[in-house]
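Below are the chains, spelled out letter by letter.
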Amino acid sequence: QGSVFRPMLFSIVVAGITAAAKKEFDREKLGVVVEVQRDGNKSFQPPTNTKKAVSETVRYTDICFADDMEIVAMNVEDLQRMLTIMDRCCTKFNIE
């Protein structure tokens, strides 16, 4: 406890868990699907030129900030499936 490497190690482990879980989320098409419009830029700012705007579907599965993670789903059943997947991925990394 108190090591300067602790936050970095935490980030590495969490990144591994979330990457493994996201692969399964994508395979099972879980998460919240949102349609966005962009005018060619890579940011999610509203299009400035609506004639050039392109619709695109984006799937969100989680929202992360620091050491917090929120899993998002379209319904309770999908959320339960996502939690089961996340539990399985944590077990692979020996985290209970």
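Anything mentioned here points back to the structure above.
Only a predicted model underlies this, so the values are computations on that prediction, with no experimental measurement involved. Each chain carries its own residue numbering, running from 1 in the direction its sequence is written. Totals for whole chains, interfaces and linings use all residues, but because this is a predicted model, local features are given only for residues with pLDDT of at least 70 and pairs of side-chain atoms are given and counted only at 80 or more. Each side-chain value is worked out from all heavy atoms of the structure, with water and hydrogens disregarded.

Peer 1: Would you explain unusual backbone geometry in this entry?
Peer 2: A negative phi angle is the norm for most residues apart from glycine, just as the trans form is the norm for most peptide bonds. The phi dihedral of Lys-29 is positive, around 55 degrees, even though this residue is not glycine. Helix numbers and strand numbers start at the N terminus; a helix is a DSSP run of H or I with at least 4 residues, a strand a run of E with at least 2. Along the chain, Lys-29 turns up in the loop between helix H1 (6–27) and strand E1 (32–38). The cut-offs for exposure are 20% and 50% of the maximum accessible area for each residue type, with area from a 1.4 Å probe on protein chains only; residues under the lower value are buried, those over the upper are exposed, and the others partly exposed. For Lys-29, a relative accessible area of 60% translates into the label exposed. The phi dihedral of Asn-94 falls on the positive side, at around 60 degrees, and the residue is not glycine. Note on placement: Asn-94 falls in the segment after helix H2 (76–92).

Peer 1: Got a minute to help me understand the side chain of Thr-18 in this structure?
Peer 2: Within the secondary structure, Thr-18 sits in helix H1. Here Thr-18 falls in the buried class, since its relative accessible area comes to 12%. Pairs of N or O atoms within 3.5 Å make up the polar contacts considered here, provided that, within protein, one atom can donate a hydrogen while the other can accept it, and that residues adjacent in sequence are counted only when both atoms are side-chain atoms. Polar side-chain contacts of Thr-18 include one of 3.1 Å to the backbone oxygen of Ala-15.

Peer 1: Sorry if this is basic, but what is going on with the side chain of Glu-24 here?
Peer 2: Structurally, Glu-24 can be placed in helix H1. A relative accessible area of 9% means that Glu-24 is categorised as buried.

Peer 1: Looking at this structure, I do not really get H1. What am I missing?
Peer 2: Think of an α-helix as turning once every 3.6 residues; residues three or four places apart then point the same way. A helix's residues, less one, multiplied by 1.5 Å, set its expected span. For H1, with 22 residues, the first-to-last C-alpha span of 32 Å sits near the 32 Å given by 1.5 Å per residue. The set of residues buried in H1 consists of Ile-17, Thr-18, Ala-21, Glu-24 and Phe-25. Projected down its long axis, H1 shows its buried positions confined to an angular sector of 115 degrees, all on one face. For H1, the exposed residues lying more than 90 degrees away from the buried face are Ile-12, Lys-23 and Arg-27. By definition in these notes, contact holds between two residues if any of their heavy atoms fall within 4.5 Å. In this structure, the buried side of H1 is in contact with strand E4 (68–71) and H2. Lys-29 sits one or two positions beyond H1 and adopts a positive phi of about 55 degrees. As used here, the arc belongs to the directions running from the helix axis to the C-beta atoms.

Peer 1: Got a minute to help me understand the packing of H1 against H2 in this structure?
Peer 2: The geometry of a pair of packed helices is captured by two quantities: the angle between their axes and the separation between those axes. H2 packs onto H1 with a crossing angle of 140 degrees between their chain directions and a minimal axis gap of 9 Å. The pairing of H1 with H2 is recorded here as oblique in orientation. Between H1 and H2 lies a crossing of right-handed hand. Listed contacts from H2 to Ile-17, Ala-20, Ala-21, Glu-24 and Phe-25 of H1 are Met-82, Ile-85, Met-86, Arg-88, Cys-89, Cys-90 and Lys-92. Think of it as three bins: nonpolar holds Ala, Val, Leu, Ile, Met, Phe, Trp, Tyr, Cys and Pro, charged holds Asp, Glu, Lys and Arg, and polar takes everything else, Gly as well. Looking at the contact of H1 with H2 residue by residue, the classes come out as nine nonpolar, no polar and three charged. Working convention: axes come from line fits to C-alpha atoms, limited for helices to the stretch in contact. Angles between N-to-C directions cover 0 to 180 degrees. Throughout this description, any angle smaller than 35 degrees is read as roughly parallel, any larger than 145 degrees as roughly antiparallel, any in the 65 to 115 degree range as roughly perpendicular, and the remainder as oblique. Take the far helix as your reference; a near helix turned counterclockwise from it by less than a right angle gives a left-handed crossing, and one turned clockwise gives a right-handed crossing.

Peer 1: Is there a simple way to explain the environment of Ala-73 in this structure?
Peer 2: Within the secondary structure layout, Ala-73 lies in the loop between E4 and H2. Given a relative accessible area of 24%, Ala-73 falls into the partly exposed group.

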